[in-house]
Every structure is written in structure tokens, then in C-alpha cells.
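# What the coordinates show
Each chain is listed here by its residues.
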Amino acid sequence: MCYNTKSYMLLFVHLRRSVPLKYWTGYLTAGIIGAITWALMRMAEKFYELVDMVYPYVTRTLQDVLAQWSAGVDFCLWQMGALVLGIGLIASIVLMIAMKWNPVRWLGWVLAAAAAVYFLNTLVFGLNYYAGPLADDIRLEMRQYGVQELTDAAIYYRNKANFLAKQVKRDANGDVIFDDFETLAVKAENGFDNLVYKHSYPVFAGSPLPVKELGWADMYTSMGITGVTMGITGEAAVNPQIPAVSIPFTMCHEMAHRMSIATERDANFTGFLASTANEDVQYQYSGYFMAYRYCYNALLSANTMDASSAAARVASEVNGELKHDMDAYDSLFASRKSEVGTKVADTANDTYLRASGDSAGVRSYGEVTDLLVSWHYQKEILPTITQQEKKFDPYDENEVDLSGIVNAKDPQPTQPSVGGVG
């Protein structure tokens, strides 16, 4: 370890002597910006209660303003920005070679630009990863659960999906027929309105503007990416090539990010809540379809005999329509995804999430099952238990031990005399 440190120090001294100071300006700039970003994140981590009280409300307002500004065009502004930066990067490489710029100095300023973009994203959105969990905002009590509780939740969501699978329109092949992308996007607002005004969840009072179609869809489909939300521009976008049955849910998921709900776990649960609270059956089916998939996949991944047996029982009662949609969902991604592209995208996403403060990384997507099981217990199981509990009656001798208490029981009524008074 000491030898390695010494070697790095010698290398740094050698470079410092061989390269003029002006060539290190970019690295120094990147270092300062990176240090400020790191300090902001550590402060947010330490004072998370203060962050939770203030920051999400400020950024939610900012995201609303940015969303209204970026709604002026149909395409994603951040994608155009990324394209311009990419072209600029290539042009700078060409100029560096043609004009014989020092590559060390060039790389320093590239790192400084990247650090500036990451700092800006952290400032306007990223600190939401340190805010409190969504469960606290919606008064959901999280609980430990086992295979039986997970199975019960999977059955509940399966039954809902079974019923709704028969309510949506289908073509001759049995595939769902949903509204076009733009029409579906406009309808997403209804679910969030119901959550805010009917269920009193102000945490969902963010920008109701429709999501955009994600450009370069072929590339994102090959990487298994269903949607992207960019805090810098306030744009929520959904890949239009994903299975139709999952599009409404994904629209709500991306809108949740724009409402400053940062973690993938909480955004997925918001997708379920906003979809099932929507008055449109397309959204309802999409929400319960995805909830069932998450719970069923959790049973499969448990990798125990009990869980495997339970998963088989649950799947055995899936009706034809739901099974058709499940198979179509799996086959589309299986046929379109690239193993290399998906691995690269997952690695990049996992790195970003962990660096931003979500320690679960990409595992956060599947952790929505914890919320779904707790929701099922609190909203469906607990009320039935409460209703079955008989209220205590202090006058019921079957509930109160009256032995040894004088005159505790009413005296037997006197029999009336026959024939009147003698």
C-alpha cells in the first residue's frame, strides 16, 4: 500500500514538473466543483430531516416551472443538449489533433464540464434521494413479512389484474388496444388529482403535464430502458416501444420523479397508486398488472421450496387474458434487448443511483414489493380484522365475570297470582 502511494506521488510530481501549471486549471476546476457537490450531499445526508421538510417542496415547484418551459416542444430538450455536447466533444477532439492542443489540458476541461452538469443536477433534483421515504408521507406503516404475506398480496393483485384484463379492449390476436401515446399521457393527471384531492396525499401535488415520448427509442429498448426523467429540464419521458400494458404505469412512474420522488422504489409505488386511482380502466389494469408482476417475481426470486410452491399456486389461477399479456411483456423485452447494452445501462444507472444517495442502486426497482405487501395488509387485511373484532360490552355476563358480586344479576321476575287479590 505504501509503495503504491509513493509511486502515485512520484508520478504526480513528474507530471507536475513536465506539464505547465495552466494545464491543470481544468482539473482544479473539476475538483472544486466535485468537492462542493460532495459537501452538499454529505450535508443532506446528515441533516436529512431538514432536507425532507424543505427541499422536496422547493424542487417540486422548480420542476413544475421547468416542465412548463420545456413543454413548448414535443421532443426532449435534454436529448438535444446531449447531442450537442456529443458533437462538441468530437469536434474538440478533432481540433485538439489538428491544432496540437495539449491532451492533458483538454481532458481537464472535459472533466470540469461533466462535474458542472452533475453539480447542477444535484442542486435542482439530486438531494431528493436524502429526503424521507414515501411511506411516511402517505401514512403507510411498513412491516416485516414472510412467504405467506407475500403470497396473499400476489393473489390479491392477481385477482384484480384477472378481472381488469377482461375489461380492456383487445384485437383479434388478443393483444390489448390502448389509446395512442398522447391521449394516454393526458389521462395520467386524473390519477394524481384523485390521490391529492380524494385521498389527501399532498406529496403528489406536482406538475401534471403529460410525459413526452423518449427519442431514439430503438437504442433505449435495446438497453431495457423504459423511461427517463431529467431534473435539469423538468422533462419526464417514456419509451413508446415498451409493452402497451405497461405504458400507463410507466408514465406515472416518470411523473413521480418529476414530483421530486427520487428513489426507484417510491417512484414505482407511485406508479401503482396513481394508475389504480385513475378512473380509466387502461390505467387501472396497468397498475395492477405491474403490481402482480413485482409480487410474483419476488416469490420466484425467494428461491425456497415454500416460495416456489406458492408461486406455482398463484400462477395456476391466472386467466387467459392476463397470461397472454404476461407472455407478450416477456417476449418483447427478450427479443429486443441487447445483453451488452443492458449490462452497460444497468451498470451506469446503478453507479448513478448509488452515487446520488440510493444505496440499493438498481435493486431499488424491485424493492417496491415491500410497499405493495404493506399496502395490501393495511388497506385490505387490517380493516377486515378490525371489523371482526367484537366491541366489549360491560353488561354482557358472558364477557364479564360476575361471580361473587351481590345483586350482579337481575332478580327473576315474580310469577303473577291467579284469580286476583283475595
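Above this text you will find the structure in question.
Only a predicted model underlies this, so the values are computations on that prediction, with no experimental measurement involved.

### Some points on the overall build of the chain
Counting its secondary structure elements, the chain contains 16 helices and three strands. Per-residue burial over the chain gives 40% buried out of 422 residues. Sequence-distant contacts, at least 24 apart, represent 77% of the contacts inside the chain between residues at least 6 apart.

### So, the side chain of Thr122
Considering the arrangement of structural elements, one finds Thr122 in helix α5 (residues 103–124). Classification of Thr122 by relative accessible area gives buried; the value is 4%. Looking at Thr122, its side chain comes within polar contact range of the main-chain oxygen of Tyr118, at 2.9 Å. Aside from chain neighbours lying at most four places away, what touches Thr122 is Thr37, Met41, Tyr55 and Leu127.

### Concerning the pattern of salt bridges
According to the stated counting rule, one finds 14 salt bridges in the structure shown. Across the pair Lys187 and Asp280 runs a salt bridge, and its minimum N-O distance is 2.9 Å. With Lys187 in helix α8 (residues 181–197) and Asp280 in the loop between α11 (264–276) and α12 (281–301), this pair connects stretches of sequence that are 93 residues apart. According to the relative accessible area criterion, Lys187 is partly exposed, its value standing at 26%. On the basis of relative accessible area, Asp280 is assigned to the buried category, the value being 15%. Salt bridges sharing partners connect three or more residues here, namely Asp179, Lys187 and Asp280.

### Considering the pairing of strand β3 (residues 235–238)
Across the two faces of β3 the burial is the same, with Glu235 and Ala237 and Ala236 and Val238 all buried. Judged from the two bridges that link them, strand β1 (residues 212–213) and β3 form a sheet pairing that is parallel. When the sheet's bridge partners are listed, Lys212 is paired in β3 with Ala237. Both strand β2 (residues 227–230) and β3 contribute to a ladder of four bridges, which runs antiparallel. Bridge pairing in β3 places Met230 opposite Glu235. Following β2, the chain reverses through four residues before pairing antiparallel with β3; Gly234 in that reversal takes a positive phi of roughly 70°.

### Brief notes about helix α4 (residues 77–98)
Between its terminal C-alpha atoms α4 stretches 31 Å, which fits the 32 Å expected from 22 residues at 1.5 Å a residue. Within the span of α4, buried status applies to Trp78, Gln79, Ser92 and Met96. Seen end-on, α4 carries its buried residues on one side only, within an arc spanning 140°. Seen from the buried face of α4, the exposed residues on the opposite side, beyond 90 degrees, are Val84, Ile87, Ile90, Val94 and Ala98. The inward-facing, buried residues of α4 contact α5, α9 (217–222), β2 and β3. Two residues or fewer past α4, Lys100 is found with a positive phi of approximately 60°.

### With respect to the sheet that holds β2
A sheet is described by the order of its strands in space; here three strands give the open sequence β1-β3-β2, paired in mixed fashion. At either end of the open sheet lies a strand with only one pairing partner, and these are β1 and β2.

### With respect to the nonpolar core
One recurring pattern in soluble globular proteins: nonpolar side chains tend to sit buried together. Counting residues in hydrophobic clusters, the biggest one holds 70 residues, and the most contacted among them are Ile138, Tyr157, Phe204, Phe269, Phe272 and Tyr285. With twelve residues, α12 is the largest single contributor of residues to this core. With sequence-adjacent residues up to four places away left out, Tyr157 is seen in contact with Phe272, Tyr288, Ala291, Tyr292, Cys295, Leu372, Trp375 and His376. Within the second largest apolar cluster, eleven residues are counted, among which are Val51, Tyr129, Ala262 and Leu353.

### Brief notes about helix α2 (residues 25–46)
Its 22 residues place the ends of α2 32 Å apart at the C-alpha level, agreeing with the 32 Å of an ideal helix rising 1.5 Å per residue. Those residues of α2 lying buried are Gly26, Ala30, Ile33, Thr37, Met41 and Ala44. Down the axis of α2, the buried side of the element spans an arc of 75°, and every buried residue falls inside it. Across from the buried face of α2, at angles greater than 90 degrees, the exposed residues are Leu28, Trp38, Met43 and Lys46. Among the structural elements, α3 (48–70), α5 and α15 (339–356) are those in contact with the buried residues of α2.

Conventions and cut-offs
- Residues numbered from 1 in each chain as written.
- Predicted model: local features only at pLDDT ≥ 70, side-chain atom pairs only at ≥ 80, totals over all residues.
- Heavy atoms only, no water.
- Helix = DSSP H or I, 4+ residues; strand = E, 2+ residues; numbered from the N terminus.
- Buried < 20%, exposed > 50% of the residue type's maximum accessible area, 1.4 Å probe, protein only.
- Contact = heavy atoms within 4.5 Å.
- Polar contact = N/O pair within 3.5 Å; in protein donor to acceptor, adjacent residues only side chain to side chain.
- Salt bridge = Lys/Arg side-chain N within 4 Å of Asp/Glu carboxyl O.
- Pairing = 2+ DSSP bridges.
- Expected span 1.5 Å × (residues − 1).
- Arc of directions from axis to C-beta.
- Core = buried A, V, L, I, M, F, W, Y, C linked by side-chain atoms within 4.5 Å.

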